[in-house]
Amino acid sequence: MEKNIRIGIGALAGLLLLRNLYVILFNLPDEMDQGPIYRIFFYHLPAYFTAMCCYLAALAASVLYLTKRDLRYDAVAMAATEVGLAFAAVNLITGMIWGRVIWGIWWAWDARLTWALICWLVYFGYLMLRQAIDDPSERAKNSAVLSIFSFVSVAITYKAIEWWRTQHPGPVLSFRTGKQLIDPGMERMLYANFLALLLLAIVMVTVRLHQETLQRQIDGLRRRAHAL
Amino acid sequence: MIFLQVALKDLRSELRTKESLNASLSFAVVILLLFSFAFDPSGEAVAEFSGGLLWLVFAFAGALILNRSFARELPNDCLEVLLASPVSGAQLFLGKSIASFVLLLGIELLCLPIFGIFYNLTWTPRFLPLLGIFVLGTWGLTILGTLFSALTVNLSLRELMLPMLLYPMLIPALMAAMRLTTILLSGNDIGGDDLVWLRLLVGFDVVFTTLALALVETILVR
Amino acid sequence: MIFLQVALKDLRSELRTKESLNASLSFAVVILLLFSFAFDPSGEAVAEFSGGLLWLVFAFAGALILNRSFARELPNDCLEVLLASPVSGAQLFLGKSIASFVLLLGIELLCLPIFGIFYNLTWTPRFLPLLGIFVLGTWGLTILGTLFSALTVNLSLRELMLPMLLYPMLIPALMAAMRLTTILLSGNDIGGDDLVWLRLLVGFDVVFTTLALALVETILVR
Amino acid sequence: MSAPVLAVEHVYKYFGDYPALRDVSFSLRGGECLALLGRNGAGKTTLLKILAGLSGAAQGHVKLFGDSPRHAAARRRIGLLGHGIGVYDELTAIENLTIFAQLYGVSKAVAREWLERTQLAHVADSPVREFSRGMRQRLAVARAFLHDPSLLILDEPFTALDDRAIALLQTLLAEAKAAGRTIIMSTHQLREAMELASHVALIERGKLVHFGPRTPEMLMDPGYVYRTFGAV
Amino acid sequence: MSAPVLAVEHVYKYFGDYPALRDVSFSLRGGECLALLGRNGAGKTTLLKILAGLSGAAQGHVKLFGDSPRHAAARRRIGLLGHGIGVYDELTAIENLTIFAQLYGVSKAVAREWLERTQLAHVADSPVREFSRGMRQRLAVARAFLHDPSLLILDEPFTALDDRAIALLQTLLAEAKAAGRTIIMSTHQLREAMELASHVALIERGKLVHFGPRTPEMLMDPGYVYRTFGAV
Ligand code: HEM
Ligand SMILES: Nc1ncnc2c1ncn2[C@@H]1O[C@H](COP(=O)(O)OP(=O)(O)OP(=O)(O)O)[C@@H](O)[C@H]1O
Ligand SMILES: Nc1ncnc2c1ncn2[C@@H]1O[C@H](COP(=O)(O)OP(=O)(O)OP(=O)(O)O)[C@@H](O)[C@H]1O
Ligand SMILES: [Mg+2]
Ligand SMILES: [Mg+2]
């Protein structure tokens, strides 16, 4: 049952991604200044939003773990963070490719880019801390605390654009600027791809959760073998 | 005021041998030396990255000191005894933060004239605002560092994990402190646009002190 | 060839969890990040201090790894067991040096492209001479670091003492490596006057390897 | 009948999925001394840590003097003696005791008095680093008894001690017991523990399989508890 | 009569000015088992470390099989079991034993065999980190016995072990003794030690005040050695 739901969402995400790809590649016109490369934008920004959603989910799960002390919340926090890191990496890498084409360099030390990197490192540190602790309860507790601290950097990354002047383009989405800066068709496409990536993220999180459950069962069996 | 007694205890053990004070101070000087090899310090640009240099040194020396904050309690299982005493987790944490803070601030104030000599900078005219920045920046560094020290105290990779976790999260405070210190060392006053940095620094201290005090008991009691 | 078995053992424990590799790598990236705040990396001057920057990062990451070289043997009193086994002090030392060397060199080689991207440098054309410099510099760093790791393994202030002792003594090797790396990263070849630096680096490695192998047994057996 | 000093009710503790303690319940009153027996890895240390408030139970309750163990008032009345001695090597004996006196709100004179009782007055100003194992252990005892605790929690207190150090500890514990203090100690050295114990508990793979008064058979033949009540 | 396996001649050791060992001399032959007794801080660990070549004597000589203890040939024949278990937590049981097998030039099959003898074969591929205390100790025993050492040096081997783990260790030691190995062990748990010992030594403040065969009185009443030969 659970497996079927997972497959269902996965199929939906896949179909949506394919459809979006088709529209992006063939239906949308090239951008005036940038030419075809701007299409990477439809992955660049949605990937970042998806990562944000994952981090937010990790925060919620961490707080829930600390209040309820149920290891399932810990597993959710872990899975969400891992998937979030993957999507943040997509944002970073697409951004770097884009930058290489538009600016001629892979990286510029401006606030937006740097904060995206810091955020990534902070959550990578979270995974490192998890690896370093053996006892599952201790690991869950300490990493939950770290996750709460880590979220501060997500908040700063989101705000970075307002606090520092950057080389990186400013906000374009109408809900942040209150104005219509880009073509409504493009903005719709952004949301459509965001939905697709979000669905994909959900599937990935559930797969990780499933793996985690199996791992715990294996560990439990091994502990029992030790007691023999 | 029981946390003051914890702080006093820590300071007393630390100052008893003076080892750690001497070691951190000479470590700081050694890094200054290394930097002077890596980057040409004779150029005109020194004042422009003086704040950055100084705070890098503080961050490196700080990580070494903060690493010992809770680790100091391990050898004879003192941490367990302290946790079983009437001292609450938050008091213990506050006491340890204060001790590291005093220690680190002391080292920083000793580094400042040395730095001035090596890099040919004048710091005396704006000493008081500089001290203010040092206090704010160091508090941010110690509060977060002490928390992570508690978080990593039982890890075998402690020395590696602490800076790895600490530095990225510390960046806002470090950036602000670097920027403000550079301004002051270049002979300017803080004002106008730069107040953003000051606000960032204060905000950082307030947010993380609150979070840390709220969460530390959870970390310490397993 | 018993020292190779010691090296393999160390590498295996280190790679079993990959923690320490990951942690050191991300620590290195974090320091790169910190440096970018302290010094403006967008300017033209980057190539001129690229070698300095890179080797500073290696020195910091190296100290953390080397710190664990002998300290890794402490938890279950493994050091005593190893010393009581037929492995001689020099073999143990050599094995541990090799393990740290491989680990550190791996981290450096992973750092190089990252560094290239973030600081916008091309390193591919002169990769082979660069690799040579990395090998020589890293060997100097590990041989001295492992010796000091043995020297400080029983100190409670270990994390603090090791870099404090290590860095000043390492300065010749570090200077040479910084200089040579900068030359290569600026797109020039090593030749003429710069060969002095190369000779210094090789001399450093030879002298300290000999000294360390001769003295390590004395350090380990009390 | 007096209220229990220590009440443990249906305590569970998990390390991950592994149940280190399962449904442990018992209670102790003033003047009672419990010897907590169990094989390696049975869960003794885990239980004692929960009692001392160093670790939280997953389910169930622990009440010390009617309070939770994390309550400062409760902790003020606990004396803890674990594997480690719990004093600082770089400080002197009297400095160590003074620190703990302050934390417990006890006067400094009491610290001096305990140094005398543990025959350490002549080395009061030497750093603990220079102490021999026996002296360190005596200082640890002084530290644990300093604030006149009503409940003593001891984890393998006799380990690696010589006959004389054991005798000293036994005397002090007997005095405390006579003064109405409650004692709970884990140990593998059954002979040393049985003389003192008024109650004996056996824990096996996290389950409390026996709890009851110490009987004369136990005193004669320490293996008796394991053979009679142990399942494995 | 066979040459001594272990000969200690007029050994002194100082920590700074403090004489931790003063003029210690004795010798042991194959098949003998020495119980080294002494109060806390008497110098037992110091002596054992010198025997194992971990520490050098200030004066005097130690000869293992006629060689210095720092000689590789001598060290190949020592088995050491100290406080720590001497294996790596992050590696599996079989990896640990394989490493030591290689260092001693023993085949990997022997490592497997010892895992079976210590009943750890079913967890051969689990990291030691997950082992319980009893299992860790058994692995440490396997590690120490792996290369079939002619001289076993044990520092407080029974500490913090439960009755069953002690019994296993005693069996293994009895077998080794019967096979002509020499054993020297320090301990405070006199009862456990006396059953095995063929000789008993008492060390007091760094001086060897007694060395001789174990007599029946010692077996009956472990305190006997301290009372009869101890000056303090
Ligand atoms: C490594 C390089 C880059 C990184 C790490 C990066 C990172 C990010 C992040 C984190 C966001 C989301 C910010 C937010 O909405 O709060 C974003 C949005 C965006 N990026 Fe990039 N970016 C990179 C390069 C580029 C380049 C080269 C361009 C185009 C010239 C670009 C164009 C945009 C645009 C138009 C947005 C949407 C702005 C908004 O609505 O907020 N990015 N980028
Ligand atoms: N931090 C931890 N993480 C995971 N498992 C643990 C942890 N601490 C203890 N355990 C496990 O819990 C069980 C009980 O351990 P505990 O230390 O309480 O035993 P014990 O009765 O004190 O044994 P001993 O006599 O060896 O001291 C053991 O199986 C142990 O492996
Ligand atoms: N590294 C050292 N530095 C200074 N003194 C030491 C050192 N190691 C041991 N000592 C001293 O040497 C003496 C003998 O110590 P040793 O550890 O050999 O005693 P022991 O007989 O093993 O005692 P225990 O039964 O407590 O293990 C003690 O007084 C101790 O304080
Ligand atoms: Mg225990
Ligand atoms: Mg000893």
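Reading the values: rules and limits
- Residues numbered from 1 in each chain as written.
- Chains lettered and ligands numbered in written order.
- Predicted model: local features only at pLDDT ≥ 70, side-chain atom pairs only at ≥ 80, totals over all residues.
- Heavy atoms only, no water.
- Near = heavy atom within 4 Å.
- Polar contact = N/O pair within 3.5 Å; in protein donor to acceptor, adjacent residues only side chain to side chain.
- Helix = DSSP H or I, 4+ residues; strand = E, 2+ residues; numbered from the N terminus.
- Nonpolar A, V, L, I, M, F, W, Y, C, P; charged D, E, K, R; others polar.
- Buried < 20%, exposed > 50% of the residue type's maximum accessible area, 1.4 Å probe, protein only.
- Contact = heavy atoms within 4.5 Å.
- Buried area = accessible area lost by both parts, 1.4 Å probe.
- Salt bridge = Lys/Arg side-chain N within 4 Å of Asp/Glu carboxyl O.
- Expected span 1.5 Å × (residues − 1).
- Areas by Shrake-Rupley, 256 points an atom, 1.4 Å probe, with all protein chains shown as cover.

## Some remarks on the site of ligand 2
Inspection of the region around ligand 2 gives 16 residues, with Gly41, Lys44, Thr45, Thr46 and His188 of chain D positioned closest. In this structure ligand 2 sits where residues from chains A, D and E come together. One of the backbone nitrogen or oxygen atoms of Gly41 of chain D is found 2.8 Å away from an oxygen atom of ligand 2. The contact in question runs from an oxygen atom of ligand 2 to an N or O atom on the backbone of Gly43 of chain D, over 2.9 Å. Looking at which element gives the most residues to the shell around ligand 2, the answer is helix H1 (residues 44–51) of chain D, with three residues. Looking at the shell around ligand 2, its residues break down into four nonpolar, six polar and six charged.

## Some points on the environment of Ala74 of chain E
Residues and elements named next belong to chain E. On the secondary structure map, Ala74 appears in helix H2 (residues 72–75). What makes Ala74 buried here is its relative accessible area of 1%. Separated by 76 residues in sequence, Ala74 and Ser150 have C-alpha atoms that sit 9.7 Å apart. Once residues lying within four places of it in the same chain are set aside, the contact partners of Ala74 are Leu64, Phe65, Asp67 and Ser68.

## Topic: the interface of chain D and chain A
Taken together, the contact pairs six residues of chain D with seven residues of chain A. Summing the contributions of chain D and of chain A, the shared interface buries around 540 Å²; its carbon and sulfur component is 46%. It is Gly16, Asp17 and Tyr18 of chain D in chain D that bury the most area against chain A; as a group they hold 66% of the surface buried on that side. Linking chain D with chain A are zero salt bridges, by the criterion used here. Applying the counting rule to chain D against chain A returns one residue pair in polar contact (both at pLDDT 80 or more). Classifying every residue of the side of chain D that touches chain A by side-chain character gives three nonpolar, one polar and two charged.

## Quick word on helix H5 (residues 89–119) of chain B
For H5 of chain B, with 31 residues, the first-to-last C-alpha span of 43 Å sits near the 45 Å given by 1.5 Å per residue. Where H5 of chain B ends, the next residue or the one after it, Asn120 of chain B, has phi of about 60°, a positive value.

## Overview of the site of ligand 3
The local shell around ligand 3 holds 14 residues, among which Gly41, Lys44, Thr45, Thr46 and His188 of chain E are the closest. Of the chains in the model, those with residues near ligand 3 are chains D and E. Between an oxygen atom of ligand 3 and a side-chain N or O atom of Tyr18 of chain E, the distance comes to 3.5 Å. One of the side-chain N or O atoms of His188 of chain E is found 2.7 Å from an oxygen atom in ligand 3. With the chains in place, 70% of the 640 Å² that ligand 3 exposes on its own is no longer accessible. Going through the elements one at a time, strand S2 (18–28) and helix H1 (44–51) of chain E are the ones with two or more residues in the shell around ligand 3. By residue number, the principal contributor to the shell around ligand 3 is H1 of chain E, which donates three residues.

## With respect to helix H3 (residues 46–71) of chain B
For H3 of chain B, with 26 residues, the first-to-last C-alpha span of 37 Å sits near the 38 Å given by 1.5 Å per residue. The element H3 of chain B is extensively covered by neighbouring structure, given that 24 of its 26 residues are classed as buried.

## Some remarks on unusual backbone geometry
Of note in the backbone geometry, Arg69 of chain A takes a positive phi value of approximately 55° without being a glycine. In this fold, Arg69 of chain A is placed in the loop between helix H2 (41–68) and helix H3 (71–102). We classify Arg69 of chain A as partly exposed; its relative accessible area is 41%. Backbone geometry places Asp77 of chain B, a non-glycine residue, at a positive phi of 60°. Note that Asp77 of chain B resides in the loop between H3 and helix H4 (78–84). Take Asp77 of chain B: its relative accessible area is 27%, and that puts it in the partly exposed class.

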